[in-house]
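Chain and residue survey
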Amino acid sequence: MASTLPALAIPGQRLGPVASYSAGPGTHVQQSNVYASIAGPVVVDPAQPGSKAKATLSVSRSIRAPGTGNVVKPVTTSAGAKPAATSAPPKPKLKYNTLPTVDSVVLARVTRVQKRQATVSILVVLDDPASTQGVNPSQTASDNDNIEAILSSAANPENHSSSDELRFQALIRKEDVRAVEKDRVVMDEMFRVGDIVRGTVISLGDQSFYYLTTARNDLGVVMARSEAGNMMFPVSWKEMRDSATGQAELRKVARPF
Amino acid sequence: MAPAAAAAAQPAPPSLSLPPSQFARLQPHAYLLAHLSPPPSSNQPSIRANGRAPSQFRVTSANTGSLTHTNGSAVVRLGDTTAVCGVRAEILHTEDIASWSVSRPTPASSSPTGNKRRKLTDSTAKLSAESENKEEDGDDESQIQDFSLLVPNLSLSTGCAPGFIPGAPPSALAQSLSHQILTLLHSTRLVRAEDLRIWYQPPNLGPEELERHNENEQMDVDAPQGEVDLEKNKEIKAFWVLYIDIMIISLAGNPFDAAWAAVLAALRDTKLARAWWDVDNEMVVCSDAVSEARKLSLRGLPISSTFCVFEADAASGWRAVVIPDAEEEKELDDSTRKGIQRRWVLADPDGYEEGLSQERICVVVDKEQDGKGKTVIMKLEKNGGWAVDTKELKTLVDISAQRWEDLKQILEQC
Amino acid sequence: MTDRRRINGPPSGTRPAVFAASLNSASNIATGRPQRQRQPNELRKIFLKTGLIPSASGSSYLEYEPSASLAAARSSPKCLIPPSSALKLACTVHGPKPLPRSATFSPNLVLTTHVKYAPFAARKRKGHIRDASERDLGVHLETALRGVIVAERWPKSGLDITITILEAEDDRWWGDAPDSHDAPWGIMNVLAGCITAASAAISDARIDCLDLIAGGVAAIVADESEDVEAKPKLMLDTDPAEHRVILSACVVAYMPARDEITEIWLKGDSSKALLGTDYKRSGHEALLDGAVDAARGAHSVLAEAVRESAVRFAGLAPGGGVMQ
């Protein structure tokens with residue numbers, strides 16, 4: 001049955017009857033058939049053996065085919081960044097179209113810190129829970145942007161402050177910063193403007209903001225610069241230290257690994 | 001399932017190991033720095049994040065004459081930056097120019113030795129003799145500028161990059177680029193005013209008859225007859241106005257070089273129809289014969305090269321600018337000797353690099369005698385920092401001269 | 001009226017060049033009206049390529065094959081007046097991106113379309129500010145696309161579709177009286193091109209769609225001869241410069257997989273048009289069917305371009321243009 005499926009689908013292409021498949025991401029159902037709604041490789045997620053469920057058809061938004069390259073190649077930030085970036089010359093094109101959804105893990109830059117909340121602008125959506133089922137977790141750090149596209153576009157050629165308007169905005173409310181001692185949270189000691197924070201989406205929020213939480217050990221500030229402008233490294237769950245001056249600063253630190 | 005999946009995903013160590021694209025997004029400065037100054041142990045050459053050497057330009061291509069409704073057109077691709085330029089010629093009657101009757105001699109005051117007219121007639125005579133003099137050039141320039149005969153406009157509202165709202169009035173960047181192009185067109189005197197003039201040669205009538213025509217129509221009432229005087233009888237009835245519109249279709253850094261190259265290629269492609277003053281209809285009429293149309297004879301081939309300066313110190317952008325004192329200067333020299341580079345001058349920056357650097361340098365050069373002569377700097381503009389000194393500027397001019405050769409070849413092949 | 005944000009030409013304005021040929025009577029025109037070399041149901045070739053603009057989430061470039069007369073004029077230029085022109089346009093898709101702060105909450109994707117002619121796109125110079133016909137095109141394009149996008153998959157975000165027309169289609173042959181109050185037929189071809197190109201760019205951006213939507217044009221023309229009795233004919237993908245009289249024209253946005261139409265724009269009077277006896281249907285039915293047939297043709301090019309985009313996306317092969 002699967003053999004009749006095309007490897008690549010384009011929108012409007014019939015993939016199979018709903019009698020034998022259920023529709024996954026990137027597809028839609030029309031007149032008892034599953035149709036592709038985006039262009040891309042067709043992925044069949046076989047049903048659990050024994051269960052009555054049907055195999056799920058989806059059209060992939062990101063590349064998982066082995067050997068195609070730059071999806072999973074973790075690089076340390078300090079030294080080895082470049083080999084991975086430069087060694088694969090014709091990079092496949094990946095599009096940054098994955099919206100944050102509830103439970104998405106995101107990386108965001110702090111743009112404003114207020115008494116009751118911090119405003120962040122979402123830079124990277126790390127994974128899309130809907131598309132990660134049944135896939136090796138180590139491969140789910142879906143690379144939702146390609147270097148080529150990043151390099152070609154300036155933050156914003158016009159003016160750097162308005163580039164945030166092109167990114168999705170989110171709020172971290174005071175009560176969502178950490179799981180313990182919630183009432184003793186002082187926002188200024190948790191985040192500073194410019195910090196890179198890892199958080200998860202708890203709600204789609206209102207028209208302009210998503211809501212994030214960092215109330216987990218692995219969530220919080222992952223990158224920060226000290227007041228002197230140097231990179232800091234984490235020393236405890238609430239403190240980071242300047243790599244040059246040794247000065248300590250308070251943060252809600254994500255557990256480093 | 002989602003929380004479980006998310007939790008399961010966590011063990012992947014994220015804070016220190018990121019896929020390159022995320023690293024590029026989160027820490028752009030460190031990302032570029034890591035490429036330019038790789039650890040000595042890795043044996044990697046210093047190279048930009050886009051894989052180019054610091055003084056390397058992107059692959060450039062040009063294509064002309066593909067737009068039907070233009071007098072000349074060009075598409076220039078500079079890497080992923082694409083500029084489309086169309087030149088459209090329209091006619092400006094001198095009678096529509098408010099200042100025309102003032103700037104030209106009135107019949108009463110004019111004599112064969114009238115200052116202004118002498119220049120005009122001289123210019124035609126001399127151009128045909130292929131000799132130029134300063135006086136004539138000055139006149140050229142002033143007419144193009146005074147009557148706005150060159151009208152360049154650059155548009156970024158084409159969806160060329162996120163952040164430019166289509167339909168909005170031209171952004172500050174678009175306005176600045178349009179103006180830079182206009183200034184460069186004027187200062188390089190690329191287009192000759194003579195190419196834009198539409199002359200009228202009145203029929204060879206007797207002086208009395210001419211007098212009966214009005215002074216607005218003819219200017220030389222007192223001219224005697226003869227071959228030489230026919231030349232003097234000539235009068236400018238109209239000018240060609242060149243609307244030079246540049247659409248940046250894709251913006252991936254360095255729009256100026258792409259736009260200027262497109263303007264240059266389109267002007268080289270531009271053909272103007274033979275035009276004459278039709279007395280019966282009182283208007284300028286053109287011939288549609290391609291064989292009678294002529295190309296513009298441009299002055300030289302000014303080519304622009306843009307550079308930006310990337311500083312290793314990430315904070316240099318917002319720290320107070322301090323001119324290094326002697327001691328720091330020494331330190332800098334020491335580190336250079338040790339091979340520790342603190343700043344890089346990057347040719348033809350892409351959008352990512354532009355966003356990370358403050359200092360920009362734009363050099364426009366031409367070479368005399370079609371490349372065989374000396375390199376001439378037509379424009380040199382530098383802003384946003386103090387890192388590039390005279391010594392480095394010299395190097396940049398050399399790089400620009402090399403770029404001139406490359407681009408000349410590209411423009412000549414298209 | 002001067003626009004301080006642009007570089008303005010001479011304050012008194014300028015006049016377009018007037019060619020001696022157009023002043024004289026039509027009999028003096030050397031070239032004559034271009035003749036359609038295609039069969040009535042034969043479409044022009046379409047060049048369509050995706051992904052040329054990397055800073056956009058999706059992009060496409062579309063070009064129509066020059067008509068026979070234009071191709072001939074290009075290869076051996078004699079006359080400065082082009083006989084006809086061929087559509088060239090670039091389309092970018094930006095987003096999904098956050099809605100502006102002032103916008104109200106939307107559980108769906110909010111589509112914005114924008115069509116602008118380059119100043120040099122048409123025979124008459126276009127202004128820098130969008131005119132009514134450009135706004136009209138934008139609205140028609142939006143209706144055509146709104147029905148095909150699965151908007152609820154992209155909550156509270158916006159999608160901007162921008163089309164820059166580098167070369168438009170002629171509204172009529174230049175040699176015909178320029179002041180004739182004939183409807184602007186060229187805009188319909190432009191709309192069909194916009195729909196096809198936007199569809200390719202949206203797929204390139206991987207926004208969920210029900211189908212690949214394609215645009216097609218058909219027209220009922222009465223030319224061939226001066227004979228009034230000659231029956232009007234149905235032609236697909238008409239180049240207005242090639243026809244003396246277009247009685248009626250129709251553009252559709254059509255989804256072949258679902259056999260659905262999201263947009264119809266019919267101009268002119270098709271009721272009076274008596275097609276030959278072989279046509280059993282009324283004029284507008286025939287027009288509609290013709291436009292759908294033209295859209296099917298465009299769809300095959302579109303499918304090939306989108307498949308190529310998917311292949312490139314999947315990293316299987318290097319990109320390349322599609323010419324069909």
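Residues numbered from 1 in each chain as written. Chains lettered and ligands numbered in written order. Predicted model: local features only at pLDDT ≥ 70, side-chain atom pairs only at ≥ 80, totals over all residues.

For chain C, the name recorded in an unreviewed UniProt entry is 3' exoribonuclease family, domain 1-domain-containing protein, with Aspergillus coremiiformis as its organism. As its UniProt record puts it under Sequence similarities (unreviewed entry), chain C is described as follows: "Belongs to the RNase PH family." (UniProt positions renumbered as here; feature names shortened; annotations may be inferred.)

As named in an unreviewed UniProt entry, chain A is Exosome component EXOSC1/CSL4-domain-containing protein, taken from Aspergillus coremiiformis. Chain A has a UniProt comment under Subcellular location (unreviewed entry) that states "Nucleus, Nucleolus".

1. Structural notes on the overall build of chain A
Looking only at helices and strands, one finds 2 helices and 17 strands in chain A. Counting the 257 residues in chain A, one finds 44% classified as buried. (Helix = DSSP H or I, 4+ residues; strand = E, 2+ residues; numbered from the N terminus. Buried ≥ 20, exposed ≤ 12 C-beta atoms within 10 Å, placed from the backbone.)

2. Comments concerning the overall build of chain C
Assigned secondary structure in chain C consists of 5 helices and 11 strands. Contacts in chain C between residues at least 24 apart in sequence constitute 71% of all its contacts with a sequence separation of at least 6. (Contact = placed C-beta atoms within 7 Å.)

3. Topic: the packing of helix α4 (residues 186-204) of chain C against helix α5 (residues 283-313) of chain C
All names here are of chain C. One can describe the packing of α4 onto α5 by two numbers: an axis separation of 10 Å at closest approach and a directional angle of 25°. Relative to α5, α4 is oriented roughly parallel. The two elements α4 and α5 meet at a crossing, and its hand is right-handed. Of the residues in α5, those touching α4 at Thr196, Ser199, Ala200, Ser203 and Asp204 are Ala298, Leu302, Ala305, Val306 and Ser309. Within the contact of α4 with α5, the residues separate by chemical class into 5 nonpolar, 4 polar and 1 charged. (Axes fitted to C-alpha atoms, helices over the stretch in contact; angles between N-to-C directions. Parallel < 35°, antiparallel > 145°, perpendicular 65-115°, else oblique. Left-handed = near helix turned anticlockwise from the far one by under 90°. Nonpolar A, V, L, I, M, F, W, Y, C, P; charged D, E, K, R; others polar.)

4. Some remarks on the nonpolar core
Core analysis: the largest hydrophobic core is formed by 209 residues, its most contacted members being Ala259 and Ala262 of chain B. The element contributing the most residues to this core is α5 of chain C, with 16 residues. Those residues within four positions of alanine 259 of chain B in sequence are excluded, and the remaining contacts are Ala83, Leu154, Leu177, Ile181, Ile246 and Ile248 of chain B. By size, the runner-up hydrophobic cluster in this structure holds 32 residues, among which are Ile122, Phe168, Met232 and Val253 of chain A. (Core = buried A, V, L, I, M, F, W, Y, C linked by C-beta atoms within 7 Å.)

5. As for the sheet that holds strand β4 (residues 27-30) of chain A
Residues and elements named next belong to chain A. With respect to topology, 3 strands assemble into an open sheet ordered β2-β5-β4, the strand pairing being antiparallel. Only two strands of the sheet have a single neighbouring strand rather than two, namely β2 (14-17) and β4. The sheet shows a mean angle of 30° between the axes of neighbouring strands, direction not considered. Pairing between β4 and strand β5 (residues 33-36): 4 bridges, direction antiparallel. (Pairing = 2+ DSSP bridges.)

6. Observations regarding the confidence of the model for chain C
Residue and element names in this part refer to chain C. Averaged over chain C, the pLDDT score is 86; the fraction of residues at 70 or greater is 86%. In the predicted structure, residues 316-324 sits below a pLDDT of 50 and forms 22 contacts with residues beyond four places in sequence or in another chain. On the interface metric, ipTM, the complex scores 0.91, and its pTM is 0.85. (pLDDT = per-residue confidence, 0-100.)

7. Quick notes on the UniProt feature "domain: Exosome complex component N-terminal" (unreviewed entry) in chain A
Sequence positions flagged by UniProt for "domain: Exosome complex component N-terminal" (unreviewed entry) are, in local numbering, residues 8-45 of chain A. The span residues 8-45 of chain A carries 0% helix and 61% strand; its end-to-end C-alpha distance comes to 15 Å.

8. Topic: the interface of chain C and chain B
In this assembly, 48 residues from chain C lie in contact with 48 residues from chain B. Counting residues per element, the ones that place at least two in the side of chain C that touches chain B are β1 (15-16), α1 (20-23), β4 (88-98), β5 (109-117) and β6 (157-167) of chain C. Looking at side-chain class alone, the side of chain C that touches chain B contains 26 nonpolar, 12 polar and 10 charged residues. The sheet contact formed by strand β4 (residues 81-93) of chain B and β1 of chain C spans 2 bridges and is antiparallel. Across the sheet, residue isoleucine 91 of chain B finds its bridge partner in β1 of chain C, namely arginine 15 of chain C.

9. A word on the environment of histidine 243 of chain C
Residues and elements named next belong to chain C. Take histidine 243: it is sitting in the loop between β8 (233-236) and β9 (246-255). A count of 25 C-beta atoms within 10 Å places histidine 243 in the buried class. Put simply, histidine 243 and glutamate 308 are 65 residues apart on the chain and 36 Å apart in space, counted from C-alpha to C-alpha.

10. Here we look at the confidence of the model for chain A
Residues and elements named next belong to chain A. Predicted confidence across chain A gives a mean pLDDT of 75, with 69% of residues reaching 70 or more. Considering only residues more than four positions removed or in separate chains, one finds that residues 64-96, a stretch of pLDDT under 50, has 85 contacts. Under a pLDDT of 50 for its full length, residues 154-162 has, in the predicted model, 21 contacts with residues more than four places off or in other chains.

11. Some words on the sheet that holds strand β12 (residues 303-311) of chain B
Residue and element names in this part refer to chain B. Read across the sheet, 4 strands follow the order β13-β12-β14-β15 without closing on themselves; strand pairing throughout is antiparallel. Two strands bound the open sheet, and with one partner strand each, they are β13 (343-347) and β15 (375-383). Going from strand to strand, the sheet's axes swing by 20° on average, the running direction of each strand aside. Across 8 bridges, strand β14 (residues 359-367) lies against β15 in antiparallel orientation. Across the sheet, isoleucine 361 pairs through a bridge with lysine 382, a residue of β15.

12. Here's the deal with unusual backbone geometry
Between glycine 95 of chain C and the following residue, proline 96 of chain C, the backbone shows a cis peptide bond with an omega angle of 5°. Among the secondary structure elements, proline 96 of chain C is positioned in strand β4. In this structure, serine 32 of chain A takes a positive phi of about 60° despite not being glycine. Mapped onto the fold, serine 32 of chain A is located in the loop between β4 and β5. With a phi angle near 50°, glutamine 369 of chain B is a residue other than glycine that sits in the positive phi range.

13. Regarding helix α7 (residues 172-188) of chain B
All names here are of chain B. The terminal C-alpha atoms of α7 lie 24 Å apart, and with 17 residues this matches the ideal 24 Å at 1.5 Å per residue to within 8%. Within α7, burial applies to Ala174, Leu177, Ser178, Gln180, Ile181, Leu184 and Leu185. On an axial view of α7, the arc spanned by its buried residues comes to 160°, and they lie on one face. (Expected span 1.5 Å × (residues − 1). Arc of directions from axis to C-beta.)

14. Things to note about the packing of α7 of chain B against helix α11 (residues 255-269) of chain B
Residues and elements named next belong to chain B. With their axes 11 Å apart at the nearest point, α7 and α11 run at an angle of 45° to one another. Here α7 lies oblique to α11, going by the angle between them. Remark: the crossing between α7 and α11 carries right-handed chirality. When α7 is examined against α11, the residues Leu177, Gln180, Ile181 and Leu184 are found in contact with a partner set consisting of Pro255, Phe256, Ala259, Trp260 and Val263.

15. Observations concerning the environment of glutamate 354 of chain B
Position of glutamate 354 of chain B relative to the elements: it lies in helix α13 (residues 351-356). Residue classification places glutamate 354 of chain B among the buried positions, given that 20 C-beta atoms sit within 10 Å.

16. Here's the deal with helix α14 (residues 390-413) of chain B
Residue and element names in this part refer to chain B. In this model α14 runs 35 Å from its N-terminal to its C-terminal C-alpha over 24 residues, within 8% of the 34 Å that 1.5 Å per residue would give. Taken together, the buried positions of α14 are occupied by Leu396, Ile399, Ser400, Ala401, Arg403, Trp404, Leu407 and Leu411. The inward-facing, buried residues of α14 contact β2 (60-64), α11, β12, β13, β14 and β15.

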